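As a plain string of letters, each chain reads:
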Amino acid sequence: MRIRSLTARFVLTLLLSTALPFLVFGLIVRVGMRERLEAQVVRVLLSDQSALLAERLDGLTDSIYRDASLIELAARKLIADGDVAAFERELDLLPGFHSDFQVVLVADAKGDVRITVDSFVNDGQGRAAREAMTPASVAGADWFEGAMAAQRSLVWTDRHLSEFLHRNPERSSRDPADYSIGLAVRIAGDAGRSGVVYVVVPWHRVQQIVDDVAARLRGDAGFAGSVAMVCDPVGRVLASSARERYADHAPPAALAGAIRTATPAANLVSFVDPADGEHLAGSARVSRGAERGLDWRGVVEIPARELFATIRDFDRVLLGLGAFVFGTLLVWSLIASRAILRPVRDLARATREIARGAVDVRVRVRGRDELAALARSFNGMSAQLAQSRDELSKTAREAAWAEMARQVAHEIKNPLTPMRMSAQLVQRARREGDPRVLDLADRLARTVVEQTDQLARIAADFRQFAGKRELRLEDVTANQLCDDLAELFAAEQEAGGASLEFVRGAADASLRVDRGELRRALVNLVQNALQAAGPGGHVVVVTARTDDGGLVFTVRDDGPGIPAESRARLFEPYFTTKSAGTGLGLAIARRIVEAHGGTIGLVSADPGCTEFAVVLPGGSRLSPSAP
Ligand code: ADP
């Protein structure tokens, strides 16, 4: 698309040169921001936090392991001596035993429960819990059989291996208090004196760790949607800072993959939660726990929308700012372009008017800028043009007058010469006593009469050409005009010369014209025709109607015709081929005819058939003034 409007180009240039760099700069900064955020948060924060979570879970398994070792020692004695009271005393010596362990259960090699110690309160609810968690025999339980079969002295079991101790076997509870960690330790002794000690650690110790890590991410880092979890190797949630993740929350495949392959150094992954959009997660393996049969992963997860919230804020600011800059520039550039274009348009309009000849036109000068200077010089130029025009027309007028004077002098000289020569002849005849003196005096008188007639005609021509008067309109018929012409040329006809004939084709056609003026125009045509035809020649004046109710006069003669080089100049003032002509006859005729709204022209210029035509319109088209 080609942009034609100056305003559009101006606006586009301004916007491209200012708003575009601004937007490009914003986009570059934005891309940099995302990269930096990803580098800082994803690589550092997520891996640090997931590794920290794994580390703390390791710490927990360490402490359970350590305490369980002490319990093992006590249980070994119990198995050897059967001294329950001594065993309970040993347990009481363990620091924080009652808060760190829910139940300690000792079973013999056959699976009969020999002793249970628990931290339940001794009320109705506590007794019910104890009842539920302390069966008479544990033979056949996975954890018991596993511990008995193991070569190692310690077997970790997770809550899934301790279902009978688990208060929520369907694992559908979202209350962490419904879960616990079970630790089964085989105590080897003499035959019949071996057994298993089973320690149940409350789940809140794990919950405490995930909540701490999540709290740090939410509080310190400001990611309100972040979650910390403990998962098994296939990605099932064992503990989570988000309670709704309990109860077999199945993780997205991408996250499960990262969890499966996690190492103690964090494994980073980005995945899309169908309900909650893109998330970024890090998972690290709880390494020492794995050695003890507890293969866990510490997982932390941040919603991408929170991570990139800063970028979205930046986007909003960038867009808002961009729209503001864009809008401001648009308005400003429109105002500025109008301010520039208005004087330009004024100048263009004024130039067109000057081209049409209105040199008095001026443009408004606004302000003091370059356009104002241009307007000022334009005004100067048009003033100068007006002055030149005045001078020119004055010069032309003077030249016209000089030409007129020269013509008048020339025309007057012609009739004077024969008069002067005749007078000189009479003078000489008288001086010499010439008997022809009276004849000569007679001839002088005739010459004077003839030449003064000629002078009068010349004067009339010039007066007619130079003068200007109102048309005196009256209703005249074509016949009346023909009669006028016939009467005017009657004397000349009698004196010989070409014959004059009228063909009255539109005899009664009536026109509203200035009769005297129109007669003068037709006389000039007939006069020229009679002169051209000469003695023995023939002139015909024909009248006819036109289609639109006007009238045509044609004047035809059988004279020598008009040479080609003269034809174009016939109607020019002062153009004549006659020694005694003024060259004004046709010019005057044209002015009269045109003043009546008509046209005059040469129809034929051939030898033997020279024809001029005057076409006059119907009365309504008459012009009000005539030369
Ligand atoms: P003038 O008669 O004083 O010369 P006009 O304007 O009437 O001035 O005519 C101009 C010229 O046109 C004449 O000098 C003549 O050469 C030419 N002309 C006009 N009418 C005729 C005609 N019917 N035949 C030949 N030439 C003509």
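Computed from a prediction, not measured in an experiment: that's the story for all the values here. (Residues numbered from 1 in each chain as written. Predicted model: local features only at pLDDT ≥ 70, side-chain atom pairs only at ≥ 80, totals over all residues. Heavy atoms only, no water.)

Draft legend 1. The arrangement of the sheet that holds strand β17 (residues 599-606) in detail. Taken in spatial order, the 5 strands line up as β13-β15-β16-β18-β17 in an open sheet, and their pairing is mixed. Edge positions in the open sheet fall to β13 (499-504) and β17, since each of these has one partner strand only. On average, each strand axis in the sheet is tilted by 15° relative to the strand beside it, whichever way the strands run. As judged from the 6 bridges shared by β13 and strand β15 (residues 538-545), these two strands associate in the parallel manner. Each residue of the ladder has a partner; that of V503, found in β15, is V542. This element, helix α15 (residues 515-533), spans β13, β15, β16 (551-557), β17 and β18 (609-616) of the sheet and lies at about 20° to β16. (Pairing = 2+ DSSP bridges. Helix = DSSP H or I, 4+ residues; strand = E, 2+ residues; numbered from the N terminus. Axes fitted to C-alpha atoms, helices over the stretch in contact; angles between N-to-C directions. Contact = heavy atoms within 4.5 Å.)

Draft legend 2. Structural context of the packing of aromatic side chains. Within the structure shown, the criterion is met by 2 aromatic pairs. When the centroid spacing of 6.3 Å and the interplanar angle of 75° are considered together, the rings of F571 and F612 count as edge-to-face. Taken together, the residues F571 in the loop between α16 (564-567) and α17 (585-595) and F612 in strand β18 connect sequence positions 41 residues apart. As far as burial versus exposure is concerned, F571 and F612 are alike and both buried. In this arrangement the basic side chain of R504 is found over the ring face of F502, its NZ or CZ atom lying 5.5 Å from the centre. (Phe/Tyr/Trp six-rings, centres within 6.5 Å; stacked < 30°, edge-to-face > 60°. Buried < 20%, exposed > 50% of the residue type's maximum accessible area, 1.4 Å probe, protein only. Lys NZ or Arg CZ within 6 Å of the ring centre and 35° of its normal.)

Draft legend 3. Structural context of a nonpolar patch on the surface. Taken together, L12, L16, L20, V24 and I28 make up a surface patch of nonpolar side chains, about 450 Å² in accessible area. Note on placement: I28 falls in helix α1 (residues 6-81). (Patch = residues over 30% accessible without salt bridge, like charges linked within 9 Å, V, L, I, M, F, W, Y side chains within 5 Å. Areas by Shrake-Rupley, 256 points an atom, 1.4 Å probe, with all protein chains shown as cover. Salt bridge = Lys/Arg side-chain N within 4 Å of Asp/Glu carboxyl O.)

Draft legend 4. Examining the packing of α15 against α17 more closely. Close contact between α15 and α17 brings their axes to 9 Å; oriented N to C, the two are set at 145°. Along this stretch, α15 crosses α17, giving a crossing that reads as left-handed. Contacts between α15 and α17 involve E517, L518, R520, A521, N524, L525 and N528 from the former and G585, L586, I588, A589, I592 and V593 from the latter. Looking at side-chain class alone, the contact of α15 with α17 contains 8 nonpolar, 3 polar and 2 charged residues. (Left-handed = near helix turned anticlockwise from the far one by under 90°. Nonpolar A, V, L, I, M, F, W, Y, C, P; charged D, E, K, R; others polar.)

Draft legend 5. Spotlight on the sheet that holds strand β8 (residues 267-273). Pairing is antiparallel in the open sheet, where 5 strands are placed in the order β7-β6-β10-β9-β8. Edge positions in the sheet fall to β7 (237-240) and β8, since each has one partner strand and no second. The sheet shows a mean angle of 30° between the axes of neighbouring strands, direction not considered. Inspection of the sheet shows β8 paired to strand β9 (residues 277-285) by 7 bridges, in the antiparallel sense. Across the sheet, S270 pairs through a bridge with L280, a residue of β9. Here helix α6 (residues 204-219) sits on the sheet in contact with β6 (227-231), β7 and β10 (297-303), set at roughly 150° to β6. Against the sheet, helix α7 (residues 253-260) makes contact with β6, β8, β9 and β10, and its axis sits at roughly 165° relative to β8, the strand it touches most.

Draft legend 6. Expanded view of the site of the ligand. Every one of the 19 residues lining the ligand counts as a neighbour, but N528, D557, T576, T577 and K578 are closest to it. Here G583 contributes a backbone N or O atom positioned 2.9 Å from an oxygen atom of the ligand. Within the backbone of L586, an N or O atom sits 2.9 Å from an oxygen atom of the ligand. A majority-of-atoms criterion places the ligand in the largest pocket. Among the secondary structure elements, those contributing two or more residues to the shell around the ligand are α15, α17 and β18. (Near = heavy atom within 4 Å. Polar contact = N/O pair within 3.5 Å; in protein donor to acceptor, adjacent residues only side chain to side chain. 1 Å grid on protein atoms, 1.4 Å probe; cavity = no way out; pocket = protein on both sides within 12 Å on 5 of 7 lines; lining within 4 Å. Sits in = over half its atoms within 2 Å of the grid points.)

Draft legend 7. Quick look at the nonpolar core. Ranked by internal contacts, the top residues of the largest apolar core, which has 54 residues, are F87, V197, W203, V206 and W296. Here this core gets 15 residues from one element, more than from any other, and that element is α1. What F87 contacts, discounting residues up to four positions off in sequence, is I71, A74, A75, L78, V104, V106, I115 and V117. (Core = buried A, V, L, I, M, F, W, Y, C linked by side-chain atoms within 4.5 Å.)

Draft legend 8. View of the layout of surface pockets. In this structure, the largest pocket spans a volume of roughly 1,300 Å³. Partitioning the lining of the largest pocket into residue classes produces 17 nonpolar, 15 polar and 8 charged. (Points joined across faces, edges and corners; volume = space filled by probe spheres on them.)

Draft legend 9. Representation of α6. With 16 residues, α6 extends 21 Å between its outermost C-alpha atoms, agreeing within 8% with the 22 Å of an ideal straight helix rising 1.5 Å per residue. Along α6, the positions that sit buried rather than exposed are R205, V206, Q207, I209, V210, V213, A214 and L217. (Expected span 1.5 Å × (residues − 1).)

Draft legend 10. Highlighting the pairing of strand β14 (residues 510-513). Across the two faces of β14 the burial differs, with L511 and V513 buried and S510 and R512 not buried at all. Bridge count between strand β12 (residues 474-477) and β14: 4 bridges; the pairing is antiparallel. Its bridge partner lying in β14, T477 is registered against S510.

Draft legend 11. Region of interest: the pattern of salt bridges. In total, this model carries 17 salt bridges according to the counting rule given. In this structure, the salt-bridge partner of R297 is D295, at a minimum N-O distance of 2.6 Å. We classify R297 as buried; its relative accessible area is 3%. For D295, a relative accessible area of 24% translates into the label partly exposed. Salt bridges linked by common partners bring R285, D295 and R297 together as one network.

Draft legend 12. The side chain of T582, seen in detail. Mapped onto the elements, T582 comes out in the loop between α16 and α17. Judged by relative accessible area, which is 7%, T582 ranks as buried. A distance of 3.2 Å separates a polar side-chain atom of T582 from the backbone nitrogen of L584.

Draft legend 13. Here's a closer look at unusual backbone geometry. Phi at Y574 is positive, roughly 70°, even though this residue is not glycine. Of note, Y574 is situated in the loop between α16 and α17.

Draft legend 14. Focus on the packing of helix α12 (residues 437-466) against α17. At a minimum axis separation of 10 Å, α12 and α17 run at an interaxial angle of 40°. Overall, the two elements α12 and α17 adopt an arrangement that is oblique. Between α12 and α17 lies a crossing of left-handed hand. Contact residues: α12 offers D461, Q464 and F465, while α17 offers A587, I588, R591 and I592. For the contact of α12 with α17, the per-class residue count stands at 4 nonpolar, 1 polar and 2 charged. (Parallel < 35°, antiparallel > 145°, perpendicular 65-115°, else oblique.)

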